[in-house]
Amino acid sequence: MKRACIIGAGSSGIAGAKVLQERGVPFDCYEKSDRVGGNWVFGNRNGMSSSYSTLHINTSRERMEYSDYPMPKSFPDFPHHTHIAKYFNDYVDHFGFRDKIRFRTGVEHARRREDGVWDVELEGGEKREYDAVAVANGHHWDPRWPEPAFPGHFDGTEMHSHYYTDPEELRGKRVVVLGMGNSAMDIAVDASYVADAVYLGARRGAYIIPKYIAGKPVDQPWQQGRLSARLADPRVPFPVRRKLLEKAVEKQVGSMEDYGLPKPDHRLGEAHPTVSGRILDRIVHGTITPKPNIAELQGDRVAFVDGSVVEADVIVYCTGYKITFPFFDEDLISAPDNDLPLYRRVFHPEIDNVFFLALLQPLGATMPIAEAQAHWVADYLKGEYALPSPDEVHRDIAAERKRMFERYVASKRHTMQIDFDDYMYELGRERRRGADRARTAGYPLPLPGRAGPPVTASADSAVAAAG
Ligand SMILES: Cc1cc2nc3c(=O)[nH]c(=O)nc-3n(C[C@H](O)[C@H](O)[C@H](O)COP(=O)(O)OP(=O)(O)OC[C@H]3O[C@@H](n4cnc5c(N)ncnc54)[C@H](O)[C@@H]3O)c2cc1C
Ligand SMILES: NC(=O)c1ccc[n+]([C@@H]2O[C@H](COP(=O)([O-])OP(=O)(O)OC[C@H]3O[C@@H](n4cnc5c(N)ncnc54)[C@H](OP(=O)(O)O)[C@@H]3O)[C@@H](O)[C@H]2O)c1
């Protein structure tokens, strides 16, 4: 059996580790931090978490949980980050694979040799060989600042949402929050309780979707009645589902212009969802003032493109993240402008032994997706799944990209969007198709190369041994 290396033990990496263990695929998982959970570990010592003290999930508990490990019913529908971090930690112990994760051990470099084997260099210099690499290093930790930077100079504090940790940082300040994604919503709401003034700047409007519709979590439409249930049915054509959602949001919220927010230049479902149950309330209470985009920084003032100017102490740029893989040589694997074409967001079209877990932006949660993807990778590593021909893979990627870029607003945040239910449904179908192909081909093992011996050292001794 071939040996795999999983990079990262956030919610995606631990899903991968759990599945590979269960499916009998040998692997080692490397984690930079001293614990699992990645982004959900507030103040994570890896410096990569973008959590803040007030963070709650915006995908509901039942949408986010792994298929065979429900979150406790005592958790609220939209739990706090502490609940979520505990849930991931408990998951590892429940399925008993903590010993397969080497903590405080980042992967520094992964190089694919000509014979297909991966030379993996760890923090401290230790080198190991692997037949396959599963990438789960997350994609919400490398801040994307406004590009290009706004003209002028600001005398106050400019920060990216990645570095925001607590509302106290904004107490008594005049704050400009830029962006219409979920970070901007949360941070503007936080600021609205403690700051002297809050301005929410947007270069484009967004539909703000409430966390609850008809008294139930918005992403559990089957709870909202028979008609709404069709929203989660991938067999219902997208235009029909979109119409249903538009009607539900219109009924519940009204139009964005009613709140002084810009009219979105697109239809619902054509941008990553902005979900907030609180921002509209804070706007109508007069604690947040909507603004268009920033035009110029003028010392202690910020000028907006509509000609208005406000005095400000802090600007929080909630302008999204870059997808980066610091451990790959850029000419081998990189995602310029956040774009990395993959077959169904998992398989690299040219490199047959590197896989990506949850490198996507779902209308829905990433955890069950990472888990399903890991099963697909396990099928492949065990010879139980065969990819379609390279031509078909390329055609499929091109068709998927065309659909996505046609549907979504042009933005670096819309390079890997998927619909949760559709994706999971198609993934299941493709696993079955690939199983038939593998059966016909006699279950060939897909990979070249040699496996290294298993890693057995404990985290601390391994770190010490590595110097
Ligand atoms: C503020 C915020 C809120 C969010 N809310 C939601 C939500 O409600 N629902 C949802 O589905 N998604 C949400 N997301 C998306 C988020 O990406 C996922 O929730 C989740 O964290 C993805 O898990 P991951 O394991 O892929 O990445 P991460 O959580 O980022 O974990 C990556 C792990 O890899 C490790 N790592 C990185 N590089 C290396 C290396 N070289 N060597 C070894 N280890 C490495 C890191 O230390 C980390 O532990 C949110 C994102 C943000 C920023
Ligand atoms: N509570 C939660 O669960 C929660 C909280 C925060 C984040 N998240 C998740 O974390 C991920 C990242 O979210 P995010 O909000 O940090 O980033 P994001 O979704 O990428 O949103 C970035 C926002 O900044 C805008 N923007 C980018 N560059 C700009 C520029 N130069 N000038 C003006 N505006 C600019 C974008 O506008 P365009 O649309 O025009 O590009 C967009 O509105 C998402 O998956 C999100 O769902 C979840």
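The structure under discussion appears in the preceding block.
Brief notes about the nonpolar core
Grouped burial of nonpolar side chains is what soluble globular proteins tend to show.
Working step 1: Among the nonpolar cores identified, the biggest contains 94 residues, and I14, L200 and I279 are the most heavily contacted of them.
Working step 2: At 10 residues, helix α8 (residues 367–381) tops the list of elements feeding residues into this core.
Working step 3: If we ignore the near neighbours within four places in the chain, the residues touching L200 are V177, G179, M180, A184, M185, A188, L261, I279, I288, T289, P290 and K291.
Working step 4: Counting residues in hydrophobic clusters, the runner-up holds 24 residues, among them F327, L340, I351 and M416.

Thoughts on the sheet that holds strand β18 (residues 294–299)
Working step 1: Spatial strand order, β9-β18-β19-β20: four strands in an open sheet with mixed pairing. Looking along the sheet, the strands with just one partner apiece sit at the ends: β9 (152–154) and β20 (309–311). Mean inter-strand twist for the sheet, computed between neighbouring axes without regard to direction, equals 35°.
Working step 2: Strand direction decides the pairing type here: β18 and strand β19 (residues 301–304), joined by four bridges, are antiparallel. What sits directly across from I294, in β19, is F304.

Regarding the packing of α8 against helix α10 (residues 420–441)
Working step 1: Relative to each other, α8 and α10 sit at 15°, their axes nearing to 11 Å. Judged on the interaxial angle alone, α10 and α8 are roughly parallel. Crossing hand, α8 versus α10: left-handed. Along the contact surface, α8 presents P368, I369, A372, Q373, H375, W376 and D379, while α10 presents F420, Y423, M424, L427, E430 and R431.
Working step 2: Looking at the contact of α8 with α10 residue by residue, the class counts come to eight nonpolar, two polar and three charged.

Regarding the side chain of E430
Working step 1: Within the fold, E430 resides in helix α10.
Working step 2: Overall, the relative accessible area of 2% leaves E430 in the buried class.
Working step 3: Ignoring any residue separated from it by four or fewer positions in sequence, one finds E430 in contact with Y343, R344, W376, Y385, P388 and R437.

Observations regarding the site of ligand 1
Working step 1: The environment of ligand 1 is formed by 29 residues, the closest being S12, E31, N46, T59 and H140.
Working step 2: With respect to ligand 1, the side chain of S11 contributes an N or O atom lying 2.9 Å from an oxygen atom.
Working step 3: A136 places a main-chain nitrogen or oxygen 3.4 Å from an oxygen atom of ligand 1.
Working step 4: Here ligand 1 has 980 Å² of accessible area as a free molecule, and 93% of this is covered by the chains.
Working step 5: Partitioned by chemical class, the residues of the shell around ligand 1 number 12 nonpolar, 15 polar and two charged.

With respect to the site of ligand 2
Working step 1: N182, S183, R203, R204 and S411 are the nearest of the 27 residues found near ligand 2.
Working step 2: One nitrogen or oxygen atom from the main chain of H56 is found 3.0 Å from a nitrogen atom belonging to ligand 2.
Working step 3: In this structure, an oxygen atom belonging to ligand 2 sits 3.1 Å away from a side-chain N or O atom of R413.
Working step 4: Within the complex, the protein chains bury 89% of what would otherwise be the 920 Å² of accessible surface of ligand 2.
Working step 5: Considering every element that reaches the shell around ligand 2, the biggest residue donor is helix α4 (residues 182–194), with three residues.
Working step 6: For the shell around ligand 2, a count of residues per class yields nine nonpolar, 13 polar and five charged.

Conventions we followed
- Residues numbered from 1 in each chain as written.
- Chains lettered and ligands numbered in written order.
- Predicted model: local features only at pLDDT ≥ 70, side-chain atom pairs only at ≥ 80, totals over all residues.
- Heavy atoms only, no water.
- Core = buried A, V, L, I, M, F, W, Y, C linked by side-chain atoms within 4.5 Å.
- Buried < 20%, exposed > 50% of the residue type's maximum accessible area, 1.4 Å probe, protein only.
- Helix = DSSP H or I, 4+ residues; strand = E, 2+ residues; numbered from the N terminus.
- Contact = heavy atoms within 4.5 Å.
- Pairing = 2+ DSSP bridges.
- Axes fitted to C-alpha atoms, helices over the stretch in contact; angles between N-to-C directions.
- Parallel < 35°, antiparallel > 145°, perpendicular 65-115°, else oblique.
- Left-handed = near helix turned anticlockwise from the far one by under 90°.
- Nonpolar A, V, L, I, M, F, W, Y, C, P; charged D, E, K, R; others polar.
- Near = heavy atom within 4 Å.
- Polar contact = N/O pair within 3.5 Å; in protein donor to acceptor, adjacent residues only side chain to side chain.
- Areas by Shrake-Rupley, 256 points an atom, 1.4 Å probe, with all protein chains shown as cover.

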